[in-house]
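Structure assessment
Listed below, chain by chain, are the residues.
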Amino acid sequence: MTTAFVRNQWYVAAYGREIGRELFTRTVCGESILFWRTGNGAVTAMSDRCVHRRFPLSEKPSHLVGDTVVCGYHGFTYGADGVCVAVPGQTRVPRTARLRAYPIVEQDSFVWVFIGDPTLAATTRIPRAPWLDKPGWTVVAGMEPLAARASLLVDNLLDLSHETYLHGGYIGTPEVAETPITTEVDEEAGIVYVSRRMADAACPPFYSNSTGLTGRITRWQDIEYTPPCLYLLHSRIAPVGVLPNDDGSDPDAFHVEVVYAITPETEHSTHDFWAVARDFALDDQEVSDYLEKSNRTVVLQDVAALDTLEQVIATEPDGYQELSINIDTGGLAARRMLARMRAK
Ligand code: FES
Ligand SMILES: [Fe+2]
């Protein structure tokens, strides 16, 4: 069966810090989900629609009482597992009174939720982004709402040649668009790799202002996309000619791990989670502030472009034919992988 979303997969629903003892809601793959932390700190996730008359449990005056949620409309009360424990006006609780509960894993600063058949959750891989929660790395992060389908963001992130044009003055320089890419697809692991290694490139403000490098640089962009949700950009910046040592150590380079989680909200909107982890200037708040502001600006440049594309697609006549070139190899591989996952 083909559906709009890739199901039976883990998706990033939130940053762990977004969820506490307040009722929190987010829609993932068209499903409205209620999140909260129990008294012992565990995140729980269940349907955000009361089984009685659908009142959203995230909506006031619904509220938490200890480890139960009380519906703000007529008072149906649910435990942390989603099972209804009390209804008004009668002592017998109907056996079917339970909210759909979602498997949850908190990892690498993210709250991952499993969308699909919960019995498959335990055997389905959650990709890692360890830099987001690891000593030796400093992280700035955010999430921007995107009024466009997730596949447009996948296209965007797998082809960074657009940095030169859409993000000139931030992360784009002429060399990004000029340098050919290499693409590799690991079908078994379900990963698309796209690399662009620039031996001698201008240093864009994003990296000169954060690293202090002033001359030309060797700039590597190694993308690792695990469909459907997690995208990693391993970025290496060093003075021209400085390469890693034979043993893999790399003390004279600056490393930035750019992480995106691409989570469909609806068929036509997406949660665009972004994080930038660095292994230098760890305690320098000015560098953190700068990278946070710059990366948000860059993300919003993409959001504006993709929101426009969504409108264009929504209003175009049938039969529009895209034209693809070498830079699209990674994006096309990702599309094929997503189409196969969707058809399962
Ligand atoms: S809608 Fe929730 S108790 Fe009636
Ligand atoms: Fe971009």
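Residues numbered from 1 in each chain as written. Chains lettered and ligands numbered in written order. Predicted model: local features only at pLDDT ≥ 70, side-chain atom pairs only at ≥ 80, totals over all residues. Heavy atoms only, no water.

Within the protein chain, the secondary structure is distributed over 6 helices and 17 strands. The C-alpha radius of gyration of the protein chain comes to 22 Å, within 12% of the 20 Å expected for a compact globule of 344 residues. Along the longest, intermediate and shortest principal axes, the C-alpha atoms of the protein chain span 75 × 55 × 35 Å. Contacts spanning at least 24 positions in sequence make up 58% of the contacts within the protein chain whose residues lie at least 6 apart. For the protein chain, the exposed surface amounts to about 16,400 Å²; the carbon and sulfur share of it is 52%. (Helix = DSSP H or I, 4+ residues; strand = E, 2+ residues; numbered from the N terminus. Rg over C-alpha atoms; globule rule 2.2 N^0.38 Å. Contact = heavy atoms within 4.5 Å. Areas by Shrake-Rupley, 256 points an atom, 1.4 Å probe, with all protein chains shown as cover.)

All right, on to the side chain of Ser-210 then. Position of Ser-210 relative to the elements: it lies in helix H4 (residues 205-211). Using a relative accessible area of 6% as the deciding quantity, one classes Ser-210 as buried. A polar side-chain atom of Ser-210 sits 2.8 Å from the main-chain carbonyl oxygen of Phe-206. Apart from the residues lying within four places of it in its own chain, the contact partners of Ser-210 are Pro-205, Phe-280, Val-287 and Leu-291. (Buried < 20%, exposed > 50% of the residue type's maximum accessible area, 1.4 Å probe, protein only. Polar contact = N/O pair within 3.5 Å; in protein donor to acceptor, adjacent residues only side chain to side chain.)

This paragraph deals with the packing of aromatic side chains. Across all of its chains, the model carries 10 aromatic pairs by this definition. With 5.5 Å between their ring centres and 75 degrees between their planes, Tyr-15 and Phe-273 make a pair best called edge-to-face. Note that Tyr-15 is positioned in strand S1 (residues 9-15) and Phe-273 in strand S17 (residues 269-278), a separation of 258 residues in sequence. Judged by centre distance (5.8 Å) and plane angle (75 degrees), the rings of Tyr-231 and Tyr-260 are edge-to-face. (Phe/Tyr/Trp six-rings, centres within 6.5 Å; stacked < 30°, edge-to-face > 60°.)

What follows deals with the sheet that holds strand S2 (residues 24-28). Reading across from one edge, S2-S3-S4 is the order of the 3 strands in this open sheet, with antiparallel pairing throughout. With partners counted over all chains shown, the strands left at the sheet margins are S2 and strand S4 (43-47), one partner each. With direction set aside, neighbouring strand axes in the sheet form an average angle of 30 degrees. Here 5 bridges tie strand S3 (residues 31-37) to S4, and the two strands are oriented antiparallel to one another. Paired with Phe-35 across the two strands is Ala-45, which belongs to S4. (Pairing = 2+ DSSP bridges. Axes fitted to C-alpha atoms, helices over the stretch in contact; angles between N-to-C directions.)

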